[in-house]
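Residue-level structure breakdown
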Amino acid sequence: GTLQPISPWRWLFSVLVPLLIATQGFKKKSLDHSGALGGLVVGFILTVANYSFFTSLFVFFVTSSKLTKWKKDIKKQIDSEYKEGGQRNWVQVFCNGGVPTELAVLYMIENGPGEIPIDFSKQYTASWMCLSLLGALACSTGDTWASEIGSVMSKSKPRLITTWEKVPVGTNGAITLVGLLSSLLGGMAVGTAYFITQLIFVTDLEISAPQWPIIVFGAAAGLLGSVVDSYLGATMQYSGFDQNIGMVVNHQTKDSKHISGKPILDNNAVNLFSSIIIALVLPGVAWCFWPRG
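Because the structure is predicted, anything quoted here is derived from the model rather than measured. For every chain, the first residue of the written sequence is number 1, and numbering continues from 1 along that sequence. Confidence filtering applies because this is a predicted model: local features only for residues at pLDDT of at least 70, side-chain atom pairs given and counted only at 80 or more, and all residues used for totals across whole chains, interfaces and linings. Side-chain calculation: all heavy atoms of the structure are included, whereas hydrogens and water are not.

**A word on the packing of helix α3 (residues 51–69) against helix α6 (residues 124–153)**
Think of each axis as a best-fit line through the C-alpha atoms, taken over the contacting stretch in the case of a helix, with angles from 0 to 180 degrees between the N-to-C directions. Where helices and strands are cited, they refer to DSSP runs of H or I of at least four residues and of E of at least two residues respectively, numbered from the N terminus. In contact at an axis separation of 10 Å, α3 and α6 are set at 10° when each is read in the N-to-C sense. Between α3 and α6, the angle is such that the two are roughly parallel. Contacts between α3 and α6 involve F53, S56, L57, F60, T63, S64, L67 and T68 from the former and C130, L133, L134, L137, S140, T141, T144, W145, E148 and I149 from the latter. Residue polarity is assigned by list, with Asp, Glu, Lys and Arg as charged and Ala, Val, Leu, Ile, Met, Phe, Trp, Tyr, Cys and Pro as nonpolar; anything else, Gly included, falls into the polar class. Classifying every residue of the contact of α3 with α6 gives 10 nonpolar, 7 polar and 1 charged. For this classification, under 35 degrees means roughly parallel, over 145 means roughly antiparallel, 65 to 115 means roughly perpendicular, and everything else is oblique. Working rule for contacts: check all heavy atoms of both residues, and any pair within 4.5 Å makes them a contact.

What follows is the structure, encoded as structure tokens:
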């Protein structure tokens, strides 16, 4: 009985802004045709549901696209599957945006479109969904920042998360201190975007629980998401060193020497599963520590 109809301005914003961003992403080769269409759907649903969801998605997309192109000449020499501009397709969009989209739909069914304070004592289910969605986006952002910054900025050789052995740059499941710190900052950037949007759009903040833990939650989701992603990558994703091209490859070739992992999942599936794990587990942990209103 408390649900309000969606205002025309919200409809307009939810269509035009994601359309603008998807078009720009396609022009700059951050997305291919299918990726732009997928991004449009994800952007529309998240924006209609909650402006805080939109800003979190926006920070993920913009920073990931910029970082993918950053120091691209070095990345071409260490990544056998490097694509100009990133050119994410619909599969990659689904694996990074599928969980948040589903959660945004569930949030609208539960609460209706609009911004709410995250407060477990007043709106338990909706708060849980908001944190799940934020966790999934922060996880994807943290993982992207870790791989895009860590691979080119780390002075030390990466170590495999399962055995702690030194491995070549580009090995799935390899971590560096620079990468881990980047994942924390990536998650924090998404959390900060969500927090600032809350301050602007939520009306009853003064009678709700404090919202600053959103930033801490984002940082934790970014870091833990990157660790989960690395563990899955080290165990369920094939990494081999191809002597012929002098790079790490994600599938077996006649010249590749096995480094780690079994060929069960590809990179997209690893991203999807790590975001699902973070979305399921982390809000429950947050609930234990979240200040009550």
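**Thoughts on the sheet that holds strand β3 (residues 239–242)**
Only strands joined by at least two bridges in the DSSP assignment are considered to pair. Here we have 3 strands laid out as an open sheet, ordered β4-β3-β5, and antiparallel in their pairing. What marks the edges here is a single partner per strand, and that holds for β4 (247–249) and β5 (256–260). Looking at each pair of strands side by side, their axes are set apart by 35° on average, direction ignored. For β3 and β5, the ladder comprises 4 bridges, and the chain directions are antiparallel.

**Quick look at the packing of aromatic side chains**
The geometry of an aromatic ring pair is captured by two quantities: the separation of the ring centres and the angle between the planes. Aromatic rings from Phe, Tyr and Trp, with only the six-membered ring used for Trp, were paired whenever their centres fell within 6.5 Å, and each pair was classed as stacked if the ring planes differed by under 30 degrees, edge-to-face if by over 60, and tilted otherwise. Scanning all chains against the criterion turns up 11 aromatic pairs. Relative to W290, the ring of F120 has its centre 6.2 Å away and its plane inclined at 80°; by these criteria the two rings are edge-to-face. Of the two residues, F120 sits in the loop between α5 (90–111) and α6 while W290 sits in the segment after α9 (267–289), which places them 170 residues apart along the sequence. Throughout, exposure labels follow a simple rule: accessible area from a 1.4 Å probe, protein chains only, divided by the maximum for the residue type, with under 20% read as buried, over 50% as exposed, and the rest as partly exposed. Judged by its relative accessible area of 5%, W290 falls in the buried class. An aromatic cluster of three or more residues is present, and its members are F13, Y51, F54, F58 and F201.

**Brief notes about unusual backbone geometry**
Notably, K29 is not glycine yet its phi reads approximately 65°, a positive angle. With respect to the secondary-structure elements, K29 resides in the loop between α1 (8–27) and α2 (33–49). We classify K29 as partly exposed; its relative accessible area is 43%. At W164, a residue that is not glycine, the phi angle is positive and equals roughly 65°. Note on placement: W164 falls in the loop between β1 (159–160) and β2 (174–175).

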